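The lines below spell out each chain.
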Amino acid sequence: MPGLLRGVARTAVVAGTATAVSNRVSRRQAGRWARQEEEQQAQMAPQQAYQPPPPPPAPADDMSSKIDQLKELGALKEQGVLTEEEFAEQKRRLLG
């Protein structure tokens, strides 16, 4: 009987040690994976941080809207609201 008890005790010690080691290895590996994920996200963060603004949508009738604006500028010039220089500057900006 003492031999049987010694064998059971040895098995219990070995199984307990194996379980403890296995749990420790699992925790260490999970920690490594977590650090790797954080590093990858930190490297990707600057790339994702700057998103250039989307280009403004192109107007359907760009030329017709410019013509309408030129007509409005001409009317303002005729009414005396704009000087010749102001009219020329606005026309340059609109067409330039």
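All values reported here derive from a predicted model rather than from experimental measurement.

### What to know about the packing of aromatic side chains
Right, so step 1: According to the stated counting rule, one finds 0 aromatic pairs in the structure shown.
Right, so step 2: The ring of Phe87 has Lys77 lying over it, and the distance from NZ or CZ to the ring centre is 5.0 Å.

### Considerations on the pattern of salt bridges
Once their charged atoms are close, side chains differing in charge can pair, the charge on each being opposite to the other.
Right, so step 1: Inspection of every chain in the model, using the stated rule, returns 3 salt bridges.
Right, so step 2: Here Glu89 ties to Arg92 by a salt bridge, and the two come within 2.6 Å at their closest N and O atoms. Residue Glu89 and its partner Arg92 are located together in helix α3 (residues 84–95), separated by 3 residues, close to a single helical turn.
Right, so step 3: What makes Glu89 partly exposed here is its relative accessible area of 27%.
Right, so step 4: What you see here is one network of salt bridges that share partners, running through Glu89, Arg92 and Arg93.

### Some words on the environment of Leu70
Right, so step 1: Tracing the sequence through the fold places Leu70 in helix α2 (residues 62–79).
Right, so step 2: Residue classification places Leu70 among the partly exposed residues on the basis of a relative accessible area of 24%.
Right, so step 3: Sequence separation of Leu70 and Lys91 is 21 residues, and the distance between their C-alpha atoms is 6.9 Å.
Right, so step 4: If near-sequence neighbours (up to four positions away) are discounted, Leu70 is found in contact with Lys91, Leu94 and Leu95.

The rules behind the values
Residues numbered from 1 in each chain as written. Predicted model: local features only at pLDDT ≥ 70, side-chain atom pairs only at ≥ 80, totals over all residues. Heavy atoms only, no water. Phe/Tyr/Trp six-rings, centres within 6.5 Å; stacked < 30°, edge-to-face > 60°. Lys NZ or Arg CZ within 6 Å of the ring centre and 35° of its normal. Salt bridge = Lys/Arg side-chain N within 4 Å of Asp/Glu carboxyl O. Helix = DSSP H or I, 4+ residues; strand = E, 2+ residues; numbered from the N terminus. Buried < 20%, exposed > 50% of the residue type's maximum accessible area, 1.4 Å probe, protein only. Contact = heavy atoms within 4.5 Å.

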